[in-house]
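Structure at a glance
So you can see what is in the structure, the chains are spelled out below.
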Amino acid sequence: MVHSYEAAPGIEVLTSSFSIPGYGLVPINAFVIKGSEPILVDTGAVVESGQLLPALRNVIDPADLEWIWLTHTDADHIGALHTLLAENPRIRVITTFLGVGIMSLSAPLPMDRVYLVNPGQKMTVGDRTLTAVKPPAFDNPSTTGFYDDRSGVLFSSDCFGALLPAVPQSASELSDRDLREGQMLWATIYAPWLHKADRTAFEKELDGIRQMAPKMILSSHLPAAPGKMTERLLASLAAAPAAQPVVGPDQAALEQMLKQMTEVAS
Ligand SMILES: [Fe+2]
Ligand SMILES: [Fe+2]
């Protein structure tokens, strides 16, 4: 079920947990930034698209939304996108040219309703200035997060996500071990290229986040993380390239699982 909580004044998290058997729970977050021009950051998972809207209505009238910032086009971020575009003809979608291109293969975005940004560019959205950020790790080339100058929050998209045994409301409630192992597992699954990345270059990317000194990091796949946790988040991610690569179950393992399920059902 999608439910909501306030992460910072005027910033709501719409969240649900997705279970990956054998690995843990991954939160799937969308965010509402209230303000003179309200923004929805991502739109939940396709499989839960019917659940996002009721949760969204609990925190804002969708008719009041001006913008959707689409951090990337993966299925866990575009669930209610087209429903919202149909419901509120004023909403514009902030994305990249590549984001538009990827969407055009399945559910095209109307070109007069997109607003293109590239990492490093700033845009003024009502009472705040948003700076587009390419996060240090990502699983989709269109990924673009952003830093909000008004709240000091970094919206990091999939970066800093974690697979967890349970999902608390604040990442500060996670033990060091659960956070570190959960982040490393998530990073090695969603960004397996990290194992091949130049370590010095990757450290430089992480240092860019350190220099930003966000007051909070809101990842699409981690509970809200206050700024005092940034060093912990960076340290876990810095360790990910040296972690054991994740190899998923093969056909023999699948057949074993199916056999066990059949035995349990009979
Ligand atoms: Fe993704
Ligand atoms: Fe994601």
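So, here is what we can say about the structure in this document. None of the values given here were measured: they were computed from a predicted structure. (Residues numbered from 1 in each chain as written. Chains lettered and ligands numbered in written order. Predicted model: local features only at pLDDT ≥ 70, side-chain atom pairs only at ≥ 80, totals over all residues. Heavy atoms only, no water.)

1. Regarding the overall build of the protein
Inclusion rule: Starting at the N terminus, helices and strands are each numbered in turn, a helix being any DSSP run of H or I of at least four residues and a strand any DSSP run of E of at least two. Note that the radius of gyration is over C-alpha atoms, with the globule rule given as 2.2 Å times the number of residues to the power 0.38. Remark: exposure states derive from per-residue accessible area (1.4 Å probe, protein chains only) relative to the maximum for the residue type, with buried under 20%, exposed over 50%, and partly exposed in between. Here, residues are in contact when the closest pair of their heavy atoms is within 4.5 Å. In short, Shrake-Rupley with a 1.4 Å probe defines the accessible areas, and a residue's cover is counted only from the protein chains shown. Within this scheme the basic residues Lys and Arg register as positive and the acidic residues Asp and Glu register as negative, but His and the chain ends are omitted. By convention, the point assigned to a charge is CZ for Arg, NZ for Lys, CD for Glu and CG for Asp.
The secondary structure content of the protein amounts to 7 helices and 13 strands. For the protein, whose C-alpha radius of gyration is 18 Å, the value lies close to the compact-globule estimate of 18 Å for 266 residues. Based on the C-alpha atoms only, the size of the protein along its principal axes is roughly 55 × 45 × 35 Å. Across the 266 residues in the protein, those meeting the buried criterion constitute 51%. Intrachain contacts of the protein at a sequence separation of at least 6 include 62% that bridge at least 24 residues. For the protein, the exposed surface amounts to about 12,100 Å²; the carbon and sulfur share of it is 56%. Side-chain charges of the protein comprise 19 positive and 29 negative groups, with the mean position of each set lying 5 Å from the other.

2. Points about the sheet that holds strand S2 (residues 11-20)
In plain terms, the rule: For two strands to be treated as a pair, DSSP must find at least two bridges joining them. To get an axis, fit a line to the C-alpha atoms, keeping to the stretch in contact for a helix; angles then go from 0 to 180 degrees between the N-to-C directions.
Strand order in this open sheet of 7 strands is S1-S2-S3-S4-S5-S6-S7, and the pairing throughout is mixed. The open sheet is flanked by strand S1 (3-8) and strand S7 (114-116), the only strands paired with a single partner. Neighbour-to-neighbour, the strand axes of the sheet open up by a mean angle of 25°, direction not taken into account. When S1 meets S2, the two strands line up antiparallel, connected through 5 bridges. If you follow Ala8 over to S2, its bridge partner there is Ile11. Against the sheet, helix H1 (residues 49-59) touches S1, S2, strand S3 (24-33) and strand S4 (39-41), its axis set at about 155° to S2.

3. Some thoughts on the packing of aromatic side chains
For clarity, the cut-off: Whether two aromatic rings pair depends on their centres lying within 6.5 Å, for rings of Phe, Tyr and Trp, where Trp uses its six-membered ring; planes under 30 degrees apart make the pair stacked, over 60 edge-to-face, and the rest tilted. In our convention, an over-ring charge means Lys NZ or Arg CZ found within 6 Å of a ring centre and within 35 degrees of that ring's normal.
This model, assessed by the stated rule, comprises 6 aromatic pairs. Ring plane angle 85° and centroid distance 5.7 Å describe the contact between Trp67 and Tyr115, whose orientation is recorded as edge-to-face. Of the two residues, Trp67 sits in strand S5 (residues 67-69) while Tyr115 sits in strand S7, which places them 48 residues apart along the sequence. Ring centres of Phe146 and Phe155 lie 4.6 Å apart, and the angle between their planes is 15°; this geometry places the pair in the stacked category. Put simply, the rings of Phe31, Trp69, Phe146 and Phe155 touch in pairs and so form one group of aromatic residues. Here the basic side chain of Lys134 rests over the ring of Phe138, its NZ or CZ set 4.8 Å away from the ring centre.

4. With respect to the coordination of the iron ion (ligand 2)
What counts is decided by this rule: Nitrogen, oxygen and sulfur within 2.8 Å of a metal are treated as its donors, or within 3.2 Å for sodium, potassium and calcium (Na, K, Ca); water is not counted, so a site can appear incomplete. The rule is simple: four donors are tetrahedral if all their angles sit between 85 and 135 degrees, four are square planar and six octahedral if opposite donors span more than 155 degrees and the others lie between 65 and 115, and anything that fits none of that is irregular.
Distances from the iron ion (ligand 2) to its protein donors, Asp76 (OD), His77 (NE2), Asp158 (OD) and His221 (NE2), fall within 2.1 to 2.3 Å. Classification of the site at the iron ion (ligand 2) rests on its 4 donor atoms, whose angles at the metal span 83 to 170°, yielding the label irregular. Mapping the donors of the iron ion (ligand 2) onto the primary sequence gives the spacing D-H-x80-D-x62-H. The metal-metal distance between the iron ion (ligand 2) and the iron ion (ligand 1) comes to 3.3 Å, with Asp158 coordinating both. Within this pair, whereas Asp76 is found in the loop between S5 and helix H2 (81-87), its partner His221 is found in the loop between strand S12 (216-219) and strand S13 (225-226), the two being separated by 145 residues in sequence.

5. Some details on a nonpolar patch on the surface
Spelled out, the test is: Candidate patch residues must exceed 30% relative accessible area and have no salt bridge, after which like charges are joined if within 9 Å and Val, Leu, Ile, Met, Phe, Trp or Tyr side chains if within 5 Å. Throughout this description, the term salt bridge denotes a Lys or Arg side-chain nitrogen within 4 Å of a carboxyl oxygen of Asp or Glu.
Side chains of Leu254, Met257, Leu258 and Met261 sit close together on the surface and give an oily, nonpolar patch of about 360 Å² of accessible area. Positionally, Leu258 belongs in helix H7 (residues 251-265).

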